[in-house]
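# Structural overview
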Amino acid sequence: MGFFGALFGIFGFVFGFTGGIVSGYYLFIYLQPSEVKDPDTRPLVEYDSSTLERMLPEIPLWVKNPDYDRVDWLNQFIGTMWPYLDKAICKMVKDVTKPIIAENIVKFKIDSVEFETLTLGSLPPKFQGIKVYTTEEKELIMELSIKWAGNPNITVSVKAFGLKVIVQAIDVQVFVAPRITLKPLVPSFPCFAKILVSLMDKPHVDFGLKLMGADVMSIPGLYGFVQDIIKNQVANMFLWPKTLAVIVLDPSKAMKKPVGLLHLNVVKAQKLLKKDLMGKADPYVKLKLTDDNLPSKKTTVKKNNLNPEWNEEFKFVVQDPESQTLELDVYDWEQVGKHEKMGMNVIRLSDLAPDEPTLLTLDLLKNLDANDLQNKKSRGNLVVEVTYNPFKEDEESPESSENTDIVEKAPEGTPSGGGLLVVTIHEAQDLEGKHHTNPYVRLTFKGEEKKTKHIKKSRDPRWEEEFQFVCEEPPINDKMHVEVRSRPPSIGIHSKENLGYVIISLADVVSNKRINDNYHLIDSRNGRIQVELQWKPS
C-alpha cells in the first residue's frame, strides 16, 4: 500500500500542476477585457511649477523655466579651473578662519584647533541656469541656481584638556539660489563698486559628520535638528531682502571725474635752513596733489641759494576739491646720494575760494604732526600764488546727459580761457608687425609725450587708458599725433616697429566737446584705432 500511495501522490502532483498551469493561462488570456482604454494624458503646460518639479526633479531650470539661460560654458570653465580654485578657496578659508580660531581658543580654553586636511574634492559645483534682470538703475542683477554634490575631505583636529578630537565633514550637498547684484556701475575697472549677495530661498545643506570615526549624523533626531539650525541661521543672515555686501571699489572715488584746474605759481623761498657743511643749499620744490596717480612735479634747482626765486607755474587737474590737498616739499639737491628734505607744508583745496588768486606764505615744517617739537624750529618759508578754477557746467537737460550716444553740444560762444583735453585710448584692431606685435600707443601734443602700457602678442589690443593735457587756450588750431608702436621682446635682435599712426585735428573736439571715433592708421594695411577726445573748458 505504501508503494501505491507514493505512486498515486506523484501522479496527482503532475496532473494537478499541469491543470493549474492550463487553467491559469485560460483565465489570463480569455478573461481580459476586450476594450482597451487610452491612458489619461495631459500636456506639460497644464501642470503648475511645483507639480513639474516633483515629476522632473533633475531637469535644469533653463528647461523648466524659459527665463533662465543655460550656462554650459560656465560649467566647463569651472570644471577646468576647479583644481586651482580648490587650492585658492582652501587657502582663503584658512586665512579667514585663522584669526577667528585664535580669538576663540583663548575664550573657550582650547589648546589648539587645526585643519589636518582641507580639500573640496574633485567634483565642482554645477550651475543649473542663470536669469538676468534689466532695470533702470546703474546695476546688473543675476539669479543663479547652483547645485554642489561634492566629495570634500575636511578634517579638523581639536586639542583641549589633554585630549585630541578629530572631526571630519564628508559628502557635502549644497543647493542654493543666490541673487547677485553688481552696483553701482562705474567707469573704472572692474566697472562695478559693490557685490550684493542674497538668497532667494532657504538653502539645502546635507553633509556627513564623523567624530572619532563614528557618524554623528546617524543619531536619531540629530540630523533634522542640525538641518533646521543651518537653514534658519543662513536665512536670518542672507535671505532676501537681507544682503551680504562685498566692497570692490570706493564708489565715491570710482565715480570721480575732473572738476577743475589748480594753477600754482611757486614764487620764492626765504631764510631756508642751511644743510651743507660747506657752502649753501641747492633747493628745489617738489609738488604732488593727493589722490593723483600722476608723478610729482618739480621746480628747477637754484644753486647755492638760501633765498631762491623761481616764479615757475604749474597746473594740476582737480577731482575732489573737498578732500584733495597739494603737498609742497623743499629739497636740497645733491649730486651724489639722496636729496635731503629741508621742509614741507600743504594747501587744502577746500580752503581756496573758486576763481580767486591767493598769495600764501607757508612756514616750512619737518612733518604734519602738530605735536612734534621739531616743527617749532624755524626752517624758512615758501611763497606761492594759487588759484582754483572749476570747470564750467554745460547747459543741458538731464535726459541728454544720461544718453552717452548723443554728442554734448558746446555752450554758446567759444571758450575764452584754457581747459583740459582728455584723451582715452580704447582699443585697436588688425595690427600687424613685421617681426613682432607687442603694441603700445604714444601720444604727442605740443611737445608733451605720453604712452600706454604695451600688450604682448596681440593684434587686437584693448587699453582703456585715459590721459589729460592742460591747455592754456582752446586747441582750435592744434593737432594730436597718435602713433601705435610695437616693443620688441626682451630677448631678440629686432628693434621697435611702427604699426601705424594718425594725426587728429582738435578743432572739432573744441566745438563738439566730445568725439569718439575709429581712425584708420596710416602706414598700416588694415589697422584701426578707437580714440575718444573730450574738451572741458575752464
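Reference entry: report on the structure contained in this document. (Residues numbered from 1 in each chain as written. Predicted model: local features only at pLDDT ≥ 70, side-chain atom pairs only at ≥ 80, totals over all residues. Heavy atoms only, no water.)

In this section: the overall build of the protein. Helix and strand counts for the protein come out as 8 helices and 26 strands. For the protein, the proportion of its 538 residues judged to be buried stands at 35%. By sequence separation, contacts in the protein at least 24 residues apart represent 65% of the contacts at least 6 residues apart. For the protein, the exposed area adds up to about 34,200 Å²; of that, 56% sits on carbon and sulfur atoms. (Helix = DSSP H or I, 4+ residues; strand = E, 2+ residues; numbered from the N terminus. Buried < 20%, exposed > 50% of the residue type's maximum accessible area, 1.4 Å probe, protein only. Contact = heavy atoms within 4.5 Å. Areas by Shrake-Rupley, 256 points an atom, 1.4 Å probe, with all protein chains shown as cover.)

The next point concerns helix H5 (residues 222–238). Quick reminder: α-helices carry 3.6 residues per turn. Residues three or four places apart thus point the same way. When the terminal C-alpha atoms of H5 are compared, their 24 Å separation across 17 residues agrees well with the 24 Å that a helix rising 1.5 Å per residue should span. Among the residues of H5, Val226, Gln227 and Ala235 are the ones counted as buried. The arc that holds the buried residues of H5, viewed along the axis, is 155°, so those residues lie on one side. Looking at the buried residues of H5, the elements they touch are strand S8 (204–211). (Expected span 1.5 Å × (residues − 1). Arc of directions from axis to C-beta.)

All right, on to the environment of Phe316 then. Checked against the element boundaries, Phe316 lands in strand S14 (residues 309–318). Taking the C-alpha atoms as reference points, Phe316 and Leu289, separated by 27 residues in sequence, lie 7.3 Å from one another. Residues within four places of Phe316 in sequence aside, it is in contact with Gly260, Leu261, Leu262, Leu264, Leu287, Leu289, Lys297 and Leu326.

So, on to the packing of aromatic side chains. Counted according to the given criterion, the structure contains 3 aromatic pairs. When the centroid spacing of 5.8 Å and the interplanar angle of 20° are considered together, the rings of Tyr284 and Tyr331 count as stacked. Of this pair, Tyr284 sits in strand S12 (residues 283–289) while Tyr331 sits in strand S15 (residues 325–332), and the two are 47 residues apart along the sequence. Note on Tyr284: relative accessible area 6%, which makes it buried. (Phe/Tyr/Trp six-rings, centres within 6.5 Å; stacked < 30°, edge-to-face > 60°.)

Turning our attention to the sheet that holds strand S11 (residues 260–270). The antiparallel open sheet is built from 4 strands, whose spatial order is S14-S11-S18-S17. Of all strands in the sheet, those bounded by a partner on one side alone are S14 and strand S17 (358–363). The mean inter-strand angle of the sheet, taken between neighbouring strand axes irrespective of direction, is 25°. (Pairing = 2+ DSSP bridges. Axes fitted to C-alpha atoms, helices over the stretch in contact; angles between N-to-C directions.)

These results come straight from atomic positions and should not be treated as a statement about function.
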